[in-house]
Amino acid sequence: MLLTLLLSLFSIYENAPDADHAILDTLAGSVLVTSVKQPLPVEMLASPVSTMYLKDIEETGIESPKNLSSMVPNLNIPDYGSSMTSTIYLRGFGSRMDNPVMSLYIDGIPVLNKSSYDFDMMDIRRLDLLRGPQGTLYGRNSLCGVLAVGTVSPSLYQGVRAHVEYGSYNTVSAGVSAYGKARGGLAIGGMVSYRHTDGYYTNEYTGEKCDASDALTFRLRLEKELVPGLFFENILSASALTQGGWPYRHFEDDALQPVSYNDPSSYRRLNVTEGLIFRYQHENFSLSSVTSWQLLMDDMRLDQDFTPASMFTLRQTQDEHAVTQELVLKPEKSWRTPWWNWQTGITGFFRHNSMSAPVTFKEDGIRTLIEDNVNSVFQNPSIPFRMQFDIADEMFDISSDFALRSWNAAIYHESYFSVGKWLFTAGLRLDYEGNSMDYDSRAAVNYSLSPFFEGRPFSTEYIGKVTDGHFEFIPKISVLYDFGDLGGLGGLRLFAVASKGFKAGGFNTQIFSDILQNMMTEGMMKDAIGAVMPGGSRTGTESGGGVTAENTVYGPESSFNHEIGGNFDFSLNGRAGVHRIKGAASAFYIACRDQQMTVFPPGQSTGRMMANVGRSRSLGAEAWLSYDFKGFHASLSYGFTDARFVEYDDGSGDWSGNRIPYSPSNTFHARAGYRFPFNSGAVRSLSVAADVSGAGRIWWNESNTLSTPFHPVVGADISLAFKMFSLVFRADNINCAEYELFYFRSVGNDFFQTSKPFRWSLALRFEI
């Protein structure tokens, strides 16, 4: 509240220009400046690209990458669970756990952990989302695309910006940033922002909101030319987050029940990234070095059954450190020929994650998941006498500690050949990734077997190490034809591309509680029999139900993308002014091998795991169109995807030919607005706009028995720009649409999370 008050007082006395301030012009442009690895203008890339500038981000109320859903064709990042669960689905593919199908680069620095993908979007000068596999340049986890984000640079813009915002559900947002140049040519800039909400979902068990959130973000950026030709950047960013979450509703008797669970659930996260960038500009070449250190510390507490029953809870903590390094070499004019340009790079990283994930079994969980299973054997009618098995402890922990390490090294090259109006691209990447996991799972309980004994101690442990590694060859070829100016109307380009992408493999840490639970059940049964009949074992060395640590390793997923498309940018001169029309369209076919899918062990299991399930394919099309005339602007984007399993039999059914779950078959976004300029000295302009977006149908399970149809969501905003400041009013979900965002199973039960309700906000912004 103190920060909000200070910013409110500060903004009263500061001058805010109208919406066409120089920052919006300075930070726009056609060259893809969000990555040191991209030498071509956006319109010359043989891939569909969605670009947004700072103005677009602020006007449409984009607060995090999740808000890009449907705005970008065939993209869906459902806003469910918490900031930890940034699950991404793009062009029919995605995964709920671990590695994403879209890589993220912020100021040229790769973000390695998906738990860090949900970040504050204040002072993002530009973002470019390239769709289709981008593995040759970007490597791992760019199976379906890459999001390249660039923050405001003090070398490009100098000034002060601030905002304070209040909305429904006691939602507060405030931020201030300043950019300038100091003596000696040092450019320095930074920002700080704060967000709070009381939450949108009520836990009926407690009567309180379950998803309250507070987040603080800080960024400091330094830039300087150290000596002629050598440029230096240092970017330090940090964020702290604490929130509730997981407002899951039990789906029972064909109806959604209210959110109701008894154990507290929360998520806390600290992110720190230190990036160091050097660019050396020689008359013959340029060499860029990008180094980063990344810290992720988080703490998740979860009522894993999401019901009022006292079943079991999870607390997962991570302490992850990562170091990345990349070198990119490009020729300058003296090294280039008129027909050949190229770039070569080497890159690598090392990541170490100390993870702890103890599962606490409580009264109801002990009874239904352990005691009932054992008693179903001991109380078999074929046994001549009755035995009763009981756990003497009211609760106990299955502790699981992991040391997860991954490392990667790669070398890549892309060449660009110009032949008249043709542009050919050929690239290849050699990538190696290794992983290792040290695991230590253990539990100790006291149990009774009436009428033979009471309070007998029993312990189980599962300790070991697993390693894995693999090479990947990632080729790319493309061709683009540039029709040129077309008689002064504008540019038109057509392209075709074939490329490969891959998503890294990993380890299933969340299945270890199931492994140890099964080992305990089998071990106690043998131990009890041994106690009744001498010679029995006192330690748990059983199989864990057939699942071992080696089974928890899953391999990389790869895709081969074939795509044709084009883009255009026309300017038509009319009597009343210039009509500008821009657009793009493409059609794609993606063949996927070793697709990673989240699977659940049969029965009332507590864990989940990733598995390579077979082959799948996705075919689809996407298009976007924008139109500008004087103060009027309209845009439209649409994506269609038909993603299906080609071969998938998980043992409980053959799902070949069925739709791949979680990815929508259609995405749609449309926005239109008008800016009314005024000649008044006090009031500069009035802008009004409305938008509608949606996604669907979405299938939720492999059998395709559960689905959500297409669901349109309407929003609108009004902006009034004064000489001293601007006021922005925004409303979301005006039509009060309620639809399912996410589905999963736990302990044999089905759960959904539904959408957020109608919301509004009023913001005060200024810029000098």
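Residues numbered from 1 in each chain as written. Predicted model: local features only at pLDDT ≥ 70, side-chain atom pairs only at ≥ 80, totals over all residues. Heavy atoms only, no water.

## A word on the overall build of the protein chain
Here comes step 1: A tally of helices and strands in the protein chain yields six helices and 45 strands.
Here comes step 2: Taken over the C-alpha trace, the protein chain has a radius of gyration of 28 Å; the compact-globule value for 768 residues is 27 Å, and the two agree within 12%.
Here comes step 3: Principal-axis analysis of the C-alpha atoms gives the protein chain an extent of 100 × 55 × 55 Å.
Here comes step 4: Out of the 768 residues in the protein chain, the part that is buried amounts to 55%.
Here comes step 5: Restricting the contact set of the protein chain to residue pairs at least 6 apart, pairs at least 24 apart contribute 70%.
Here comes step 6: Element-wise, carbon and sulfur atoms account for 59% of the exposed surface of the protein chain, whose accessible area totals about 30800 Å².
Here comes step 7: Across the protein chain, the centroid of the 63 positively charged side chains sits 8 Å from that of the 83 negatively charged ones. (Helix = DSSP H or I, 4+ residues; strand = E, 2+ residues; numbered from the N terminus. Rg over C-alpha atoms; globule rule 2.2 N^0.38 Å. Buried < 20%, exposed > 50% of the residue type's maximum accessible area, 1.4 Å probe, protein only. Contact = heavy atoms within 4.5 Å. Areas by Shrake-Rupley, 256 points an atom, 1.4 Å probe, with all protein chains shown as cover. Lys, Arg positive; Asp, Glu negative; His and termini not counted. Charge placed at Lys NZ, Arg CZ, Asp CG, Glu CD.)

## Details of the UniProt feature "domain: TonB-dependent receptor plug" (unreviewed entry) in the protein chain
Here comes step 1: In the numbering used here, UniProt assigns the feature "domain: TonB-dependent receptor plug" (unreviewed entry) to residues 45-146.
Here comes step 2: Taken end to end, residues 45-146 is 10% helix and 27% strand, and its two terminal C-alpha atoms sit 13 Å from one another. (UniProt positions renumbered as here; feature names shortened; annotations may be inferred.)

## A word on the packing of aromatic side chains
Here comes step 1: Taken as a whole, this structure holds 44 aromatic pairs when the rule is applied.
Here comes step 2: Arranged with centres 6.3 Å apart and planes meeting at 20°, the rings of tryptophan 339 and phenylalanine 417 form a pair that is stacked. Highlighted residues: tryptophan 339 in the loop between strand 20 (312-331) and strand 21 (340-356) and phenylalanine 417 in strand 24 (residues 396-419), separated in sequence by 78 residues.
Here comes step 3: We classify phenylalanine 417 as partly exposed; its relative accessible area is 28%.
Here comes step 4: With centroids separated by 5.1 Å and ring planes inclined at 45°, the aromatic side chains of tyrosine 743 and phenylalanine 752 adopt a geometry described as tilted. (Phe/Tyr/Trp six-rings, centres within 6.5 Å; stacked < 30°, edge-to-face > 60°.)

## Brief notes about helix 6 (residues 512-532)
Here comes step 1: Its 21 residues place the ends of helix 6 30 Å apart at the C-alpha level, agreeing with the 30 Å of an ideal helix rising 1.5 Å per residue.
Here comes step 2: Of all 21 residues that make up helix 6, 15 are buried, and the element is covered over most of its length. (Expected span 1.5 Å × (residues − 1).)

## Focus on the side chain of asparagine 658
Here comes step 1: Locating asparagine 658 in the fold gives a position in the loop between strand 36 (632-647) and strand 37 (666-677).
Here comes step 2: Here asparagine 658 falls in the buried class, since its relative accessible area comes to 19%.
Here comes step 3: Leave out the neighbours within four places in its chain, and asparagine 658 touches Ala643, Arg644, Phe645, Glu702, Ser703 and Asn704.

## Some points on a nonpolar patch on the surface
Here comes step 1: Residues Tyr166, Tyr674, Phe676, Phe678, Val688, Ile718, Phe729, Ile734, Phe758, Trp760 and Leu762 make up a contiguous nonpolar surface patch of roughly 930 Å² in combined accessible area.
Here comes step 2: Note on placement: tyrosine 166 falls in strand 9 (residues 159-167). (Patch = residues over 30% accessible without salt bridge, like charges linked within 9 Å, V, L, I, M, F, W, Y side chains within 5 Å. Salt bridge = Lys/Arg side-chain N within 4 Å of Asp/Glu carboxyl O.)

## Details of the environment of alanine 587
Here comes step 1: In this structure, alanine 587 sits in strand 32 (residues 578-593).
Here comes step 2: Through-space distance from the C-alpha of alanine 587 to that of serine 693 is 21 Å; in sequence the pair is 106 residues apart.
Here comes step 3: Excluding residues that lie within four positions of it along the chain, alanine 587 makes contacts with His562, Glu563, Ile564, Gly620 and Ala621.

## A look at the sheet that holds strand 1 (residues 49-53)
Here comes step 1: Read from one edge of the open sheet, five strands run 1-7-8-5-6, paired in mixed fashion. Bordering the open sheet on either side are strand 1 and strand 6 (109-110), each of which pairs with just one other strand.
Here comes step 2: Relative to strand 8 (residues 145-151), strand 7 (residues 124-131) runs antiparallel, the two being bridged by seven bridges. Following the sheet pairing, arginine 131 is matched in strand 8 by glycine 145. (Pairing = 2+ DSSP bridges.)

## Let's talk about the state of the cysteines
Here comes step 1: Inspection of the entire model under this criterion finds zero disulfides.
Here comes step 2: Just so you know, cysteine 210 is unpaired, no disulfide at all, and the nearest cysteine sulfur is the one on cysteine 736, 19 Å from it.
Here comes step 3: Of all cysteine sulfurs, the one in cysteine 144 lies closest to cysteine 592, which takes part in no disulfide; the gap is 7.8 Å. (Disulfide = S-S within 2.5 Å.)

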